[in-house]
2 protein chains.
Amino acid sequence: MFSDYSLTGFLDDLSSRKPMPGGGGASAVAGAMAASLGAMVANLTSGKKRYAEVQDQIDEILPEAERLRDRMLELAQEDADAFYPLSQAYGLPKETEEERAHKAEVMEQALRRASEPPLHIMECTCEVMDLLETLSTIGSRMVISDVGVGAAFCEAALKGASFNVFINAKSMQDRDYADELVAKAQGLLDDGCTKADTIYKQVERGIRWSRS
Amino acid sequence: MFSDYSLTGFLDDLSSRKPMPGGGGASAVAGAMAASLGAMVANLTSGKKRYAEVQDQIDEILPEAERLRDRMLELAQEDADAFYPLSQAYGLPKETEEERAHKAEVMEQALRRASEPPLHIMECTCEVMDLLETLSTIGSRMVISDVGVGAAFCEAALKGASFNVFINAKSMQDRDYADELVAKAQGLLDDGCTKADTIYKQVERGIRWSRS
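Note that the structure is predicted; figures quoted are calculated from it, not measured.

Parameters and conventions
- Residues numbered from 1 in each chain as written.
- Chains lettered and ligands numbered in written order.
- Predicted model: local features only at pLDDT ≥ 70, side-chain atom pairs only at ≥ 80, totals over all residues.
- Heavy atoms only, no water.
- Helix = DSSP H or I, 4+ residues; strand = E, 2+ residues; numbered from the N terminus.
- Buried < 20%, exposed > 50% of the residue type's maximum accessible area, 1.4 Å probe, protein only.
- Lys, Arg positive; Asp, Glu negative; His and termini not counted.
- Salt bridge = Lys/Arg side-chain N within 4 Å of Asp/Glu carboxyl O.
- Polar contact = N/O pair within 3.5 Å; in protein donor to acceptor, adjacent residues only side chain to side chain.
- Contact = heavy atoms within 4.5 Å.
- Buried area = accessible area lost by both parts, 1.4 Å probe.
- Core = buried A, V, L, I, M, F, W, Y, C linked by side-chain atoms within 4.5 Å.
- Disulfide = S-S within 2.5 Å.
- Least-squares fit on C-alpha atoms with pLDDT ≥ 70 in both.
- Axes fitted to C-alpha atoms, helices over the stretch in contact; angles between N-to-C directions.
- Parallel < 35°, antiparallel > 145°, perpendicular 65-115°, else oblique.
- Left-handed = near helix turned anticlockwise from the far one by under 90°.
- Nonpolar A, V, L, I, M, F, W, Y, C, P; charged D, E, K, R; others polar.

(A) A look at the side chain of Lys-103 of chain B. All names here are of chain B. Counting through the fold element by element, Lys-103 comes out in helix α4 (residues 97–138). For Lys-103, which is buried and forms no salt bridge, the nearest opposite charge comes from Glu-95, at a distance of 9.2 Å. Here Tyr-90 takes part through its backbone oxygen, which lies 2.9 Å from a polar atom of the side chain of Lys-103. Non-local contacts of Lys-103, meaning those with residues more than four positions away in its chain, are made with Ala-89, Tyr-90, Leu-92, Pro-93 and Lys-94.

(B) Here's a closer look at the interface of chain B and chain A. In this complex, chain B contributes 62 residues to the contact, which on the side of chain A involves 62 residues. Taken together, the two surfaces of chain B and chain A that pack against each other cover about 5200 Å², and 66% of this comes from carbon and sulfur. When residues of chain B are sorted by the area they lose upon contact with chain A, Leu-7, Arg-17 and Phe-163 of chain B head the list and together hold 14% of the total. Remark: the boundary between chain B and chain A carries 4 salt bridges. Here Arg-69 of chain A and Asp-12 of chain B are joined by a salt bridge, their closest N and O atoms 3.6 Å apart. Summed over the shared surface of chain B and chain A, the result is 20 residue pairs in polar contact (both at pLDDT 80 or more). For the side of chain B that touches chain A, the elements supplying multiple residues, two or more each, are α1 (7–15), α2 (23–45), α3 (55–89), α5 (144–170) and α6 (175–207) of chain B. Tallying contributions element by element places α5 of chain B first for the side of chain B that touches chain A, with 16 residues.

(C) Molecular detail of the nonpolar core. Among the nonpolar cores identified, the biggest contains 155 residues, and Phe-10, Met-33 and Phe-153 of chain A together with Phe-10, Met-33 and Phe-153 of chain B are the most heavily contacted of them. With sequence-adjacent residues up to four places away left out, Met-33 of chain B is seen in contact with Phe-10, Leu-11, Leu-14, Ala-26, Val-29, Ala-30 and Met-33 of chain A together with Phe-153 of chain B.

(D) Representation of the state of the cysteines. All names here are of chain A. In this structure the tally under the stated criterion is 0 disulfides over all chains. With no disulfide partner, Cys-124 has as its closest neighbouring cysteine sulfur the one in Cys-154, 9.3 Å distant. Owing to a relative accessible area of 5%, Cys-124 belongs among the buried residues under this scheme.

(E) Quick peek at the relation of the copies chain B and chain A. Mapping chain B onto chain A calls for a rotation angle of 180° and an axial translation of 0.0 Å; the resulting RMSD is 0.0 Å. In symmetry terms, the pair is related by a two-fold rotation axis. Considering only C-alpha atoms, the residue of chain B closest to the rotation axis is Ser-6 of chain B, which sits at 1.9 Å. Looking at the interface residues of chain B, 100% of them are also at the interface in chain A, so both copies use one shared face.

(F) Geometry of the pattern of salt bridges. Overall, the coordinates contain 28 salt bridges over all chains when judged by the stated rule. In this structure, Arg-71 of chain A and Glu-74 of chain A form a salt bridge, with 2.9 Å as the shortest nitrogen-oxygen distance. Linking Arg-71 of chain A with Glu-74 of chain A, this pair stays in helix α3 (residues 55–89), spanning 3 residues, or about one helical turn. For Glu-74 of chain A, a relative accessible area of 44% translates into the label partly exposed. Note that Lys-195 of chain B is salt-bridged to Asp-130 of chain B, the shortest N-O span being 2.8 Å. Taken together, the positions of Lys-195 of chain B in helix α6 and Asp-130 of chain B in helix α4 put the pair 65 residues apart, joining distant regions of the chain. On the accessibility criterion, Lys-195 of chain B (28% relative accessible area) is partly exposed. For Asp-130 of chain B, a relative accessible area of 34% puts it in the partly exposed group. The structure contains a network of salt bridges with shared partners spanning Glu-155 and Lys-159 of chain A together with Glu-155 and Lys-159 of chain B.

(G) Structural detail: the packing of α2 of chain B against α4 of chain B. Residues and elements named next belong to chain B. At a minimum axis distance of 10 Å, the contact between α2 and α4 shows a crossing angle of 25°. When the interaxial angle is binned, α2 and α4 end up roughly parallel. The handedness of the crossing between α2 and α4 is left-handed. Between α2 and α4, the residues in contact are Gly-24, Ser-27, Ala-28, Gly-31, Ala-34, Ala-35, Gly-38, Val-41, Ala-42 and Thr-45 and Ile-121, Val-128, Leu-132, Leu-135 and Ile-138, respectively. Partitioning the contact of α2 with α4 into residue classes produces 10 nonpolar, 5 polar and no charged.

What follows is the structure, given as C-alpha cells:
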C-alpha cells in the first residue's frame, strides 16, 4: 500500500522498472506535499494575535488541507491500482484476428480506467490551489514563501497528472471520449496555472526586497 | 534523519508547526522524485533493441540520476539542519541595545547559512533537468510522459527553493551579499524554466494525438 512506503522506498520503486508507482502517483505525492504546506501555513497562522481576524477562516482551512493531503495518497494508490491492468494489457498476444480484437477491447477499457485517477488528482489539486490562494492573502507573512512553494507543487501535480491523461487518451480508439477527456484535463490545467500565477504574484510581494 | 522518514511521517511533519521540514526540504523531495523518474525512464529504455543506439548514453544517465536522487535527500537534511539555527535566532531577546546588536549579528549569519542548501538544491535540480532534456530525445517513447512529469517537478523544485533564497535574502542587512544571492538564484531559475519549456515541447509531440 502507498501509505506504508518509506520515503526512500517510494523513490527506489519510482526509479525502478516496476510499472508502479509512476508519474501519476508521483504527481499525487506532489499534490500531497502542497496540501501539507497549506496545513503548515494554517498551523503557523492559527492562534496568533496579529491574525485573530482570520482565525475562523483558518479553522476551516486546516482540516480541509489535511483531508486533501490524505486524499492525495489514496489517489496515488488508486493510480497504481488502475495502471496495473493497463500494464498487463500491453502484453496480450496479437497473433490472430481474434486476439487482436480482444486486445483492442481490453486496451480501450484499461486506458479509460487508467485515465480516471490522474483526472481526480487534478481535481483534488485544484481544491488545494484554492486553499493556497486564500492563504496567500490571509496566512502569516512569516511563511508566505511556503504558500508559493505549495502553488509550485500544485502546478507540477497538474502538469504531471495531465501528461498521464494525454498519453492515455492518445491511444484510445473512441476519439469522442478521448477528446472530451483531453478537454477536461486541459481546462483543469489552464485554470490551475492561472491561479498559480495569481498566487506567485501575491507571494513575490512578500519575499522580494525593495528599496522603497 | 530525513532518509528514515516514512512517506506519511514526512507529510505529517511538513503539515505541522515544527520548524522542519519546510518548503526547502519539500523542494528537495520534488527534485528527488524528478531524478527518480529520470532513472525510471533510463531503466525502461535500457536493453531494448529499438534503443540499442543510445545504450551507451543510457548507461551514463542511470547512475547519475540515482546519485542526484540520493544527493537531493542529503540536501533536504542539510536544509533542515541549516534552518534550525535561524528558527532559534528569531526568538533571541531584543530588549537592550546590546541584545539587539547581538540578535542582528546572529540573524545575519543564520540567514546566510539557511540560504545555502536551497541554492544547492537549485544547482542539483538543474543537473537533473539536463538528464531529462537528453531523455526527452533518446528515452523510450512508451514513458515519454514521465520525462515531462520529471521536468514539471524540477520546475517546482527550482521555484520552491528560489522562494526560500529570496525570503532569506530579503531580511539580510548586507545588501550586496543579498543581491548577489538573489541574482544567482534568479539565474538558475530562469535557465531551468527555459529548459523545462524545451522538454515540455518535446514531450507534447509524444503524448498529443493528431489526425495527421
